[in-house]
Amino acid sequence: MAAETGDSIRVAVTGAGGRMGREVIEAASDRDDCEVSLAVNRSPVDPVAGVEVADAADLPALLAGADPAVDVLVDFTGPDSSVEYVAAAAGAGVACVVGTTGFDDEQEAAIADAADAVPVLRASNFSRGIAALRRAVSAAAAALPGYDVEVTETHHNGKVDAPSGTALTLLDDIEEARPDLDERVHGREGDAPRTDGEIGVHARRAGDIAGEHEVLMAGDENVLELTHRAGSRRVFAAGALDAAAWLAGRDAGAYDFTEVLE
Ligand SMILES: NC(=O)C1=CN([C@@H]2O[C@H](COP(=O)(O)OP(=O)(O)OC[C@H]3O[C@@H](n4cnc5c(N)ncnc54)[C@H](OP(=O)(O)O)[C@@H]3O)[C@@H](O)[C@H]2O)C=CC1
Ligand SMILES: O=C(O)C1=N[C@H](C(=O)O)C[C@H](O)C1
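My aim in this report is to walk through the structure given alongside it, one point at a time. A quick note: this is a predicted structure, and the numbers were derived from the prediction, not measured.

**Considering the site of ligand 2**
Neighbouring ligand 2 are 13 residues; His155, His156, Lys159, Gly165 and Thr166 lie closest to it. At a separation of 3.5 Å, an oxygen atom of ligand 2 approaches a polar backbone atom of Ser124. Within the complex, the protein chains bury 86% of what would otherwise be the 320 Å² of accessible surface of ligand 2. In terms of residue class, the shell around ligand 2 is built from two nonpolar, nine polar and two charged.

Laid out in structure tokens, this is it:
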């Protein structure tokens, strides 16, 4: 793998005109282990950090004709487009790092199918801090049976999906540690007393907040608040490129970001 051999991997970026696409391209320009050899976007955009951005409709042909070949595609777009881009990469034998969130079950399955053909690493959050938060939340949930749990996420006012993919991942972790918690209640209004088995879920949208996640656990006169704040989107771009360098050259299959951090 690049990190072990010292070689630089060739990365294709989809959504190159987006918040994260731009961050990934800019972050890659400061690294020795990867270079962006292909960037695409649905709508026309000017070059990003000196990288020309092609029409996303041409991605299959561009991947097939790339010489040298692209090693890893990095995708931070939207669910319907992400499925298309990952299928194009799989068809071209290109590994995929997928950061897009908001997939429905059918779209999740389509992304998973690509792992039959190429290495696929999908993560709702590419920050090391959230990986640490997940471990802390799982341990706390297991250590505090019967406690009430609430999850709150806060993001910039341009975020489309709610709750965040990270919040959904945290909810999965909590429910695995606390099987008695089996109902997700999204917001509250009117006459809405807490019921047994529920986890409250809240999504806030404001300013250009990169991403904050808080898990509250309360019971027996104890209150536990576990919180992660991303200082900027650079955190996620760095993690995604770390994942790309780690994934390049591996066998086809589904991989997890926690493996990259080991
Ligand atoms: N896993 C992680 O660590 C992180 C994940 N994310 C996720 O990445 C995704 C993109 O976030 P962000 O960069 O802020 O979004 P933006 O809206 O800023 O960018 C989206 C980019 O993808 C393109 N795009 C292609 N298809 C779609 C589609 N169906 N819907 C929306 N955009 C599309 C857009 O092109 P065009 O402009 O032509 O529409 C745009 O260039 C989100 O799902 C977000 O949750 C974000 C940060 C970290
Ligand atoms: O849309 C964003 O910005 C982010 N989305 C991801 C999510 O939905 O969890 C990750 C991060 O919180 C930023």
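**Focus on the environment of Ala177**
Structurally, Ala177 is set in helix α7 (residues 165–177). A sequence separation of 61 residues divides Ala177 from Asp116, and the C-alpha atoms of the two residues are 30 Å apart. Filtering out sequence-adjacent residues up to four positions away, Ala177 remains in contact with Ser138, Ala141 and Ala142.

**So, the site of ligand 1**
Near ligand 1 there are 24 residues, and of these Asn41, Ser43, Asp80, Ser81 and Thr101 occur at the shortest range. Within the contact set of ligand 1, an oxygen atom lies 2.9 Å away from a backbone nitrogen or oxygen of Met20. Measuring from an oxygen atom of ligand 1, one finds a side-chain N or O atom of Arg42 at 2.7 Å. About the coverage of ligand 1: the protein hides 80% of its 910 Å² of free accessible area. Contributions of two or more residues to the shell around ligand 1 are made by α2 (19–28) and α4 (79–91).

**Regarding the packing of aromatic side chains**
Where two aromatic rings form a pair, the distance of their centres and the angle of their planes describe that pair. Tallied over the entire structure, the rule returns three aromatic pairs. Centroid distance Phe126 to Phe257: 5.1 Å. Interplanar angle 75°. Geometry classified as edge-to-face. You can see Phe126 sitting in the loop between β6 (119–122) and α6 (128–143) and its partner Phe257 sitting in helix α9 (residues 257–261), a full 131 residues away along the chain. Accessibility assignment for this pair places Phe126 and Phe257 in one class, buried. Their ring planes at 80° and their centres at 5.5 Å tell us that Trp246 and Tyr255 sit as a pair that is edge-to-face. One exposure class covers both Trp246 and Tyr255, and it is buried.

Conventions and cut-offs
- Residues numbered from 1 in each chain as written.
- Chains lettered and ligands numbered in written order.
- Predicted model: local features only at pLDDT ≥ 70, side-chain atom pairs only at ≥ 80, totals over all residues.
- Heavy atoms only, no water.
- Near = heavy atom within 4 Å.
- Polar contact = N/O pair within 3.5 Å; in protein donor to acceptor, adjacent residues only side chain to side chain.
- Areas by Shrake-Rupley, 256 points an atom, 1.4 Å probe, with all protein chains shown as cover.
- Nonpolar A, V, L, I, M, F, W, Y, C, P; charged D, E, K, R; others polar.
- Helix = DSSP H or I, 4+ residues; strand = E, 2+ residues; numbered from the N terminus.
- Contact = heavy atoms within 4.5 Å.
- Phe/Tyr/Trp six-rings, centres within 6.5 Å; stacked < 30°, edge-to-face > 60°.
- Buried < 20%, exposed > 50% of the residue type's maximum accessible area, 1.4 Å probe, protein only.

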